[in-house]
Amino acid sequence: MTTALVTASVLGFGSALVDVLAHVDEDFRASIPGIKGGTELVDSHTMAAIVRRLPQAPRQAPGGSAANTIVGYAKLGGKAALLAKIGLDDAGVFYRQDMQRAGVDTTPFKATGDTDTGRCLSLITPDSERTMRTYMGAAATLRPDELSLDDFRGYSHFYCEGYALFSRELTFRALDLARAAGMVICLDLSAPEVVLAAKDILPVLLRDYVHAVFANEQEAAAFCGSNDPVAGLDALAAHCPLAVLKLGRQGVRLRERGGEVIAVPACSVKAIDSTGAGDLWAAGFLYGWLRGWPLHAAAELGAKVAAAVVQVTGAVIPDDVWTAIRRDLPA
Ligand SMILES: OC[C@H]1O[C@H](O)[C@H](O)[C@@H]1O
């Protein structure tokens, strides 16, 4: 796969969010309106009001779903860039610098002085589940006319987070540019709320643009209307060449068009926070898949990277752990 070696590079597209992470008990989580494990958009005042009530000061870390994947891909040694919008504030500076330190090309970044950088409050309960409340900030101000073909050139793959679908015009502009640049398009469905909100366009979008789709059990159920994971995987695989169903502790199921279902288990570790688990799984998977590894081998690397991130608070894997993961990669 010489060409795969040459072209294995990823441009991520999603919201630039600084994660605000706090471990809370079930009673605190239950006092926040909305379902456990869900992702809901809030304004900055609502977020600040929740943060004021936290039992201890929260930790901050760079986040954003596609961004987490892109950082992981770069940390593994891959060529990666991020197309995202930050504010011209301290959080935006922190975010850009952190991406650059991780080896991510931030040239495609957009910025605004009108709004602050977005934040995501992740409330982590003792079962390691995270419940997220997101203030989009500058990320919500990205306009279709800010994107140009130059942002997309030089990368072989486009990795889009599903949250982008809340802004349809922007997402289609990005997908059209990615296609015009000859990129292979991957889409992570991000949240069941995204799937329900985009249900009318998702089948066509998957069929016409997407090569690989990533979903968890709830997202697949929202897509196909059944809680049977096999039905969910089949429904997704009917629309694009590769479908990946992420089942958390039950591992993943993958299906290529016309192929059998491949099951790859998760690594058994003590999880303390699932924030970013799916994103980092995708990072490991993309690293192997783009280098022509068999699907099961790429998924095993995904499982290893996901296992590393669930053992820490937030989506940032410590450098010594990355070093150990990289040491085991085939030359
Ligand atoms: O998938 C986890 C990510 O989703 C949200 O976008 C948070 O920023 C978090 O880092």
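All values derive from a computational prediction rather than experimental measurement.

Colleague: Please clarify how the pattern of salt bridges should be interpreted in this entry.
Modeller: Two side chains bearing opposite charge may form a pair once their charged atoms approach each other closely. Evaluated as defined, the whole model comprises 16 salt bridges. Across the salt bridge formed by Arg 168 and Asp 200, the nearest N and O atoms sit 2.7 Å from each other. With Arg 168 in helix H6 (residues 168–180) and Asp 200 in the loop between helix H7 (192–197) and helix H8 (202–209), the pair connects residues that are 32 residues apart, well separated along the chain. By relative accessible area, which is 29% here, Arg 168 ends up partly exposed. With a relative accessible area of 55%, Asp 200 lands in the exposed category. The closest approach of N and O atoms between Asp 234 and Arg 255, which form a salt bridge, is 2.5 Å. Within this pair, whereas Asp 234 is found in helix H10 (residues 229–237), its partner Arg 255 is found in strand E14 (residues 252–256), the two being separated by 21 residues in sequence. Taking relative accessible area as the criterion, Asp 234 reaches 32% and is therefore assigned partly exposed.

Colleague: Got a minute to help me understand the confidence of the model for the protein in this structure?
Modeller: Any segment with low pLDDT has predicted coordinates that should not be analysed in fine detail. Averaged over all residues, the pLDDT of the protein is 95; the fraction at 70 or higher stands at 98%. Considering only residues more than four positions removed or in separate chains, one finds that residues 1–6, a stretch of pLDDT under 50, has 5 contacts. Here the predicted complex scores 0.96 on pTM and 0.98 on ipTM.

Colleague: Help me understand the packing of aromatic side chains in this model?
Modeller: In this description, an aromatic ring pair is defined by two values, namely the gap between the centres and the angle between the planes. A full pass over the atoms with the stated rule returns 11 aromatic pairs. For the ring pair Tyr 73 and Tyr 287, a centre distance of 6.1 Å and an interplane angle of 55 degrees mean the geometry is tilted. With a gap of 214 residues between them, Tyr 73 in helix H4 (residues 65–75) and Tyr 287 in helix H11 (residues 277–289) connect regions that are remote in the sequence. Comparing Tyr 73 with Tyr 287 shows no difference in burial state: the two are buried. A ring pair is formed by Tyr 159 and Phe 214, whose centres lie 5.9 Å apart and whose planes are at 70 degrees; its orientation type is edge-to-face. Linking Tyr 159 in strand E10 (residues 157–161) with Phe 214 in strand E12 (residues 212–216), this pair joins segments that are 55 residues apart in sequence. The pair Tyr 159 / Phe 214 is uniform in exposure class, with both members buried. Members of the aromatic cluster, connected to one another through ring pairs, are Tyr 159, Phe 214, Trp 281, Phe 285 and Trp 289.

Here is what the cut-offs are and how they apply
Residues numbered from 1 in each chain as written. Predicted model: local features only at pLDDT ≥ 70, side-chain atom pairs only at ≥ 80, totals over all residues. Heavy atoms only, no water. Salt bridge = Lys/Arg side-chain N within 4 Å of Asp/Glu carboxyl O. Helix = DSSP H or I, 4+ residues; strand = E, 2+ residues; numbered from the N terminus. Buried < 20%, exposed > 50% of the residue type's maximum accessible area, 1.4 Å probe, protein only. pLDDT = per-residue confidence, 0-100. Contact = heavy atoms within 4.5 Å. Phe/Tyr/Trp six-rings, centres within 6.5 Å; stacked < 30°, edge-to-face > 60°.

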